Amino acid sequence: MYFEILRPYLIMLCFFRYARILIGFCWFLAAMAIYLSIWVAPSDFQQGENYRIIYIHVPAAWMSLLIYIAMAISSVLFLLTKHPLFQLFSKSGAKIGALFTLCTLLTGGFWGKPMWGTFWVWDARLTSVLILFFIYLGALRFQQFSADVASIFICIGLINIPIIKFSVNWWNTLHQPSSISQFDTSIHISMLIPILLILTSFFFLSGIFFILETRQIILSFSSFSIKSQINPQNNKKKQGFFYTNNQSSKST
């Protein structure tokens, strides 16, 4: 199956047009969020100034889950269509998601130290997020060997997402329940707005990382294609990312 919109030259054209816009939005939202979270949002009456780490911790945690869901959808589409760009989406998403998950674990540890007296406990929420981090690393490792195996692995790992979400409700955990839900929030609007702004800036930051990663791979493949036309013998030795996947896409 072939998708006209996913042709590499169209992807590169969109990246050239919208990359600077994404960077500008990211800087603007980040500046607003930093100002509101430090100078406008009040201190918490229980945690004091230490609570302000949630402005990084919570959006990073949300991004780690959202990116994995998007990566799983891309993996399903790759299994159905064998289009190499869907594997590229999964590969880039795994790198970005692992980064946000690591940020979640680190900021959670610094937040938990004054509250729990330790940087780490084998809590259900913390352990399930740590498993998510290892799933991201496993997906990156599998993608070096087989795109199909990596896609199946990512789809199986999707089971961990509802475990992370509902772990504080299913088990007796130290981690507090969610303060923000789809229907209500228990935090003040002056604290909620910076969280949403940073979440949006993280979203644009993920788009920037994805653009840079995708652009690099497409350009490297284009360079390899030119070299293979000059020296066809290298074409048989090179086992590049797009080369191996284009063979499977052509077979469909």
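Just so it is clear, the structure is predicted and the values come from calculations on it, not from any experiment. (Residues numbered from 1 in each chain as written. Predicted model: local features only at pLDDT ≥ 70, side-chain atom pairs only at ≥ 80, totals over all residues. Heavy atoms only, no water.)

(A) Examining the overall build of the chain more closely. Across its full length, the chain carries 9 helices and 0 strands. The order of α-helices and β-strands along the chain, N terminus first, is α-α-α-α-α-α-α-α-α. Within the chain, the fraction of its 252 residues that count as buried is 44%. A separation of at least 24 residues holds for 76% of the contacts in the chain among residues at least 6 apart in sequence. (Helix = DSSP H or I, 4+ residues; strand = E, 2+ residues; numbered from the N terminus. Buried < 20%, exposed > 50% of the residue type's maximum accessible area, 1.4 Å probe, protein only. Contact = heavy atoms within 4.5 Å.)

(B) Seen up close, helix H5 (residues 147-157). Along H5, the residues classified as buried are Ala147, Ala150, Ser151, Ile154 and Gly157. Around the axis of H5, the buried residues are gathered within 125° of arc, so they sit on the same side. Structurally, the start of H5 carries an N-cap: the backbone nitrogen of Asp148 is 3.5 Å from a side-chain oxygen of Ser146. (Arc of directions from axis to C-beta. Polar contact = N/O pair within 3.5 Å; in protein donor to acceptor, adjacent residues only side chain to side chain.)

(C) Molecular detail of the pattern of salt bridges. Applying the stated rule across the entire model yields 1 salt bridge. With a closest N to O distance of 2.5 Å, Lys82 and Asp148 form a salt bridge. With Lys82 in the loop between helix H2 (54-81) and helix H3 (84-116) and Asp148 in helix H5, this residue pair connects regions lying 66 residues apart in the sequence. (Salt bridge = Lys/Arg side-chain N within 4 Å of Asp/Glu carboxyl O.)

(D) Expanded view of the UniProt feature "transmembrane region" (unreviewed entry) in the chain. As recorded in UniProt, the sites labelled "transmembrane region" (unreviewed entry) are residues 21-41, 53-80, 92-111, 117-137, 149-171 and 191-212. Each end of residues 149-171 is marked by a C-alpha atom, and these two atoms are 32 Å apart; helix forms 87% of the span and strand 0%. Helix makes up 100% of residues 191-212 and strand 0%, whereas the separation of the span's terminal C-alpha atoms amounts to 32 Å. (UniProt positions renumbered as here; feature names shortened; annotations may be inferred.)

(E) Summary view of the side chain of Ser92. Topologically, Ser92 is positioned in helix H3. Judged by relative accessible area, which is 1%, Ser92 ranks as buried.

(F) Representation of the layout of surface pockets. In this structure, the second largest pocket spans a volume of roughly 450 Å³. Ile67, Ala70, Phe203, Ser206 and Phe210 are, among the 15 residues lining the second largest pocket, the residues nearest its centre. The dominant element in the lining of the second largest pocket, judged by the number of residues it contributes, is H2, at 6 residues. (1 Å grid on protein atoms, 1.4 Å probe; cavity = no way out; pocket = protein on both sides within 12 Å on 5 of 7 lines; lining within 4 Å. Points joined across faces, edges and corners; volume = space filled by probe spheres on them.)

(G) Broad picture of the packing of aromatic side chains. If you walk through the whole model with that rule in mind, you get 11 aromatic pairs. Ring geometry for Tyr35 and Trp39: centres 6.0 Å apart, planes at 35°, overall tilted. You can see Tyr35 and its partner Trp39 sitting in helix H1 (residues 8-40), 4 residues apart, about one turn around the helix. Measuring from centroid to centroid gives 5.4 Å for Trp120 and Trp122, while their planes differ by 85°, and the two rings are edge-to-face. You can call Trp120 partly exposed: its relative accessible area is 27%. With relative accessibility at 67%, the residue Trp122 sits in the exposed group. (Phe/Tyr/Trp six-rings, centres within 6.5 Å; stacked < 30°, edge-to-face > 60°.)

(H) Examining the environment of Val58 more closely. Following the sequence through the fold, Val58 ends up in helix H2. Here the alpha-carbon distance between Val58 and Ile195, two residues 137 residues apart in the chain, equals 7.4 Å.

(I) The arrangement of the side chain of Ser37 in detail. Residue placement: Ser37 occurs in helix H1. Taking relative accessible area as the criterion, Ser37 reaches 7% and is therefore assigned buried. A polar atom in the side chain of Ser37 sits 2.8 Å from the backbone oxygen of Ala33.

(J) Just the nonpolar core, in detail. Judged by nonpolar contacts, the single largest core of 44 residues is most densely connected at Ile54, Tyr55, Tyr68, Phe100, Leu132 and Tyr136. Of all the elements in the fold, those that place two or more residues in this core are H1, H2, H3, helix H4 (124-142), helix H6 (160-170) and helix H7 (189-230). (Core = buried A, V, L, I, M, F, W, Y, C linked by side-chain atoms within 4.5 Å.)

(K) Expanded view of a nonpolar patch on the surface. There is a patch of nonpolar side chains on the surface, built from Leu66, Ile69, Ile73, Val76, Leu77, Leu80 and Leu158 and spanning about 590 Å² of accessible area. Mapping Ile69 onto the fold places it in helix H2. (Patch = residues over 30% accessible without salt bridge, like charges linked within 9 Å, V, L, I, M, F, W, Y side chains within 5 Å. Areas by Shrake-Rupley, 256 points an atom, 1.4 Å probe, with all protein chains shown as cover.)

(L) Just the confidence of the model for the chain, in detail. Considering every residue of the chain, the mean pLDDT works out to 78; 73% of them sit at 70 or more. For residues 235-244, every residue scores under 50 in pLDDT, and the model assigns this stretch 19 contacts once sequence neighbours within four places are set aside. Low pLDDT, under 50, characterises residues 246-252; the stretch is placed with 8 contacts to residues that sit more than four places away or in other chains. (pLDDT = per-residue confidence, 0-100.)

(M) Spotlight on the packing of H3 against H4. Two elements in contact, H3 and H4, have axes whose closest approach is 9 Å; the angle formed by their N-to-C orientations is 155°. Comparing their axes, H4 and H3 come out roughly antiparallel. Crossing of H3 against H4: the hand is left-handed. When H3 is examined against H4, the residues Lys91, Gly93, Ala94, Lys95, Gly97, Ala98, Thr101, Leu102, Thr104, Leu105 and Trp116 are found in contact with a partner set consisting of Leu126, Val129, Leu130, Leu132, Phe133, Tyr136 and Leu140. (Axes fitted to C-alpha atoms, helices over the stretch in contact; angles between N-to-C directions. Parallel < 35°, antiparallel > 145°, perpendicular 65-115°, else oblique. Left-handed = near helix turned anticlockwise from the far one by under 90°.)

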